[in-house]
Amino acid sequence: MKVLVAIQQRHPYSFGDICVLQPVLNFCLNKITDPEPDILSFEQFLIKCMVMAKSVFECKEYKPSVTGRVMDENGVTLEQMKKNISNAVAGVLTRLLPNERIVLLCNVLIRRYFVLTTSDLEEWYENPEVFHHEQDMVQWTEKLRPCAEALYIVSFENHSQLLAPIVVSILQEAMNGCPTSTSEITPGLLLKDAAYGAAAYVYYELSNYLSFRDWFNGALSLELSNDHPNMRIIHRKVALILGQWVSEIKDDTKRAVYCALIRLLQDKDLSVRLAACRSLCLHVEDANFSEKDFSDLLPVCWGSCFKLVKEVQEFDSKVQVLNLISVLLGHVNEVIPYASNLMHFFQMVWEESSGESLLRIQLLIALRNFVIALGYQSPSCYSMLLPILQKGIDINGPDELNLLEDSMLLWEATLSHAPAMVPQLLAYFPCLLEILERNFDHLQVAVDIIEDYIILGGREFLSMHASSVAKLLDLIVGNVNDRGLLSILPIIDILILCFPMEVPPLISSTLQKLVVICLSGDDGDPSKTAVKASSAAIIARILVMNTNYLAQLTSEPSLSSVLQQTGVAIEDNILLSLVGVWLDKVDNVSLPQKKAFGLALSIILTLRLPQVLDKLDQILSVCTSVILGGTDDLTEEESRSHDEDLLPSKELRRRQIKVSDPINRLSLENSVRDNLQTCAALHGESFNSAIAKIHPAAFAQLKQALKMP
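Residues numbered from 1 in each chain as written. Predicted model: local features only at pLDDT ≥ 70, side-chain atom pairs only at ≥ 80, totals over all residues. Heavy atoms only, no water.

Notes on the packing of helix α10 (residues 144-158) against helix α11 (residues 160-177)
Each packed pair of helices is defined by two parameters, the angle between the axes and the distance between the axes. It is at 6 Å that the axes of α10 and α11 come closest, and there the two elements cross at 120°. Here α10 is positioned oblique relative to α11, judged by the angle of their axes. Between α10 and α11, the contacting residues are Tyr152, Ser155, Phe156, Glu157 and Asn158 on the first element and Ser160, Leu163, Ala164 and Val167 on the second. Looking at the contact of α10 with α11, its residues break down into five nonpolar, three polar and one charged. (Axes fitted to C-alpha atoms, helices over the stretch in contact; angles between N-to-C directions. Helix = DSSP H or I, 4+ residues; strand = E, 2+ residues; numbered from the N terminus. Parallel < 35°, antiparallel > 145°, perpendicular 65-115°, else oblique. Contact = heavy atoms within 4.5 Å. Nonpolar A, V, L, I, M, F, W, Y, C, P; charged D, E, K, R; others polar.)

Some remarks on the pattern of salt bridges
Tallied over the entire structure, the rule returns 26 salt bridges. The partner of aspartate 120 in a salt bridge is arginine 145, with the nearest N and O atoms 2.2 Å apart. With aspartate 120 in helix α8 (residues 118-126) and arginine 145 in helix α10, this residue pair connects regions lying 25 residues apart in the sequence. For the pair aspartate 120 and arginine 145, a shared accessibility class is recorded, and that class is buried. With a closest N to O distance of 3.3 Å, aspartate 193 and lysine 237 form a salt bridge. (Salt bridge = Lys/Arg side-chain N within 4 Å of Asp/Glu carboxyl O. Buried < 20%, exposed > 50% of the residue type's maximum accessible area, 1.4 Å probe, protein only.)

Comments concerning the environment of aspartate 441
Summarising the element assignment, aspartate 441 is placed in the loop between α26 (430-438) and α27 (443-476). Between the C-alpha atom of aspartate 441 and that of glutamate 405, which follows or precedes it by 36 residues, the distance is 8.8 Å.

Details of the side chain of arginine 541
Along the chain, arginine 541 turns up in helix α31 (residues 526-545). For arginine 541, the residues in contact, after removing those within four places along its chain, are Asp493, Ile496, Leu497, Asn546, Asp661 and Ile663.

So, the nonpolar core
Counting residues in hydrophobic clusters, the biggest one holds 258 residues, and the most contacted among them are Tyr152, Trp215, Phe346, Phe370, Trp411 and Trp582. Per element, the largest residue contribution to this core is 17 residues, and it comes from α27. Discounting chain neighbours no more than four positions away, the residues touching tryptophan 411 are Leu389, Ile393, Tyr428, Phe429, Cys431, Leu432, Ile435, Ile449 and Tyr453. (Core = buried A, V, L, I, M, F, W, Y, C linked by side-chain atoms within 4.5 Å.)

A look at the packing of aromatic side chains
Evaluated as defined, the whole model comprises 22 aromatic pairs. A centroid spacing of 5.7 Å and a plane angle of 55° characterise the contact between tyrosine 258 and phenylalanine 289, whose relative ring orientation is tilted. Pair noted here: tyrosine 258 is in helix α16 (residues 251-265) and phenylalanine 289 is in the loop between α17 (270-285) and α18 (291-294), with a separation of 31 residues, a long-range link. No difference in accessibility class separates tyrosine 258 from phenylalanine 289, as the two residues are buried. For the ring pair tryptophan 411 and tyrosine 453, a centre distance of 6.2 Å and an interplane angle of 80° mean the geometry is edge-to-face. Linking tryptophan 411 in helix α24 (residues 400-416) with tyrosine 453 in helix α27, this pair joins segments that are 42 residues apart in sequence. Judged by relative accessible area, which is 0%, tyrosine 453 ranks as buried. By the ring-pair criterion, three or more aromatic residues cluster together here, those being Trp302, Phe306, Tyr338, Phe345, Phe346 and Phe370. We note arginine 232 situated over the ring of tryptophan 124; from NZ or CZ to the ring centre the distance is 5.1 Å. Note that arginine 236 overlies the ring of tryptophan 124, its terminal NZ or CZ placed 5.9 Å from the centroid. (Phe/Tyr/Trp six-rings, centres within 6.5 Å; stacked < 30°, edge-to-face > 60°. Lys NZ or Arg CZ within 6 Å of the ring centre and 35° of its normal.)

This is how it looks when you write it as structure tokens:
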């Protein structure tokens, strides 16, 4: 059977031959529905028969094809052969699986294989935690009941309209045969447990045949009030149902369901509590989660989680509880009253999880949600958080590479929710250089972290880590693809905006690379065009904010030699070549960048170079269109930053930087008007003849833009 399963999964088409598929599937279904006594005790064999049946039932190659064949096609293509086989197999399966056989299989799976055995109950009694994880669907190929459940779900999906009424009738029969007050372990109670499981797994179809509200009020909630130890069997299934049916639970029942799950989370049996833990996760993550109905249950919920994590032994159980805590932190607002308990809890889990990467990853996710939930009160948890963060981002630690991605996400969240920079966080920055020197796997989050440091750390950050910043940018620019460049260029822009005098000389090597990008061809590739346009906007910003430095950069011999090495031909001087890029790429940039291009071009008018006059009409045309096209309206931005609470949020700081940007503050209209006068004074008659060549319509627009009479 094991070999046949492997062949079917590897070669479904050849296995679909009628001489193979029919006898094999027939054999499997007969063994499942009517096994001989010795087969019934041979669980591993029955599991293989179920795996085979499930594999055939869900095999997409055996679904009949809905597309027709193209007429007059020469010969039979491979695709057509596959379609022919699929259609033939679909016919074989229809003959093999008449309705009666499907109904019989469904009945047998629920009534025989879903029912707990004496040995199951002994296992549960001895170790409820291990029992809970073994019954989980995750390991469905290793245990008979989870395997039967997986086969049942697939056959139900294929025949839902036929089987839904059958499942509902089994459920009704089981509930009628075992009242909610029953607490003896009878065949009736075990059948009800099996029927509850069957109804839990296929909620999406059963909701058309069964009202959750009536079922909950009429049976499930009453069963939870029966505290007899044997009722853990039913309680565990009720916990499962409440999680599976989450999308069918309407507003009028939500509160009662939340209360029921919190009650199950405090059950005496660990297996019941772990099932409730998983179901609570599903409710809190649900798009229709009602925090209003849940908020007063939070203290008990947190307390139960802390208690549960101390009592469980299994690694999987700890991950499950930690996952619930993480989800709660991500979805409820009231976290601060429980912050100190959570800190103790996180500290304990970190200390006890040495070497357990999966558990530590779950913990880092929970910590990130914790920091986000605390917001600007997050420094209150730094005593616990920062040592953990430091270990996570240290790539020289023993198992820290597995934790790197989640540690970096936590690092970014810590920075973007910090009200102010603290010395420890400031000291961590060089770790980022070490991480990126290894590879660029985490580039996007690294870029966000750099931005956080610039915005939060300001001048103190730059003076302390100037060389690391220069190395980082040099490492990224020139070694990443276009997508990577598009993520780092805005960071270079904000860095120059914040420190226009200090930064350009510091990152001259990176800026040379940007000039090379600007002056290289982009072959019409959209991402290359975007990189070129954004790089040109950064160079334009430097020309506007630190004109002398750009003049120095473009006249450096080292830049000319770099351009020669990369095969870029320069006609006049480098600055005039950049003018060509600004003129060419003005339609590929955002409004603020357009204005930077306009201001840079207006400065070019003041150069003592006769070639400027050759480009005069184009320069004025671009400046005119930028002025008449309007620029970013800052009034709304400014008013928002005045109206904001005085919380020093990253967003607020970013807006303040944008508002104070000289490119936004300067008047392009005045700049063009003044610089045109300078240009006229420099070039005299040549200027007049260049102006005379401008098309009258374009000249009229220019006068309108500059408000000239």
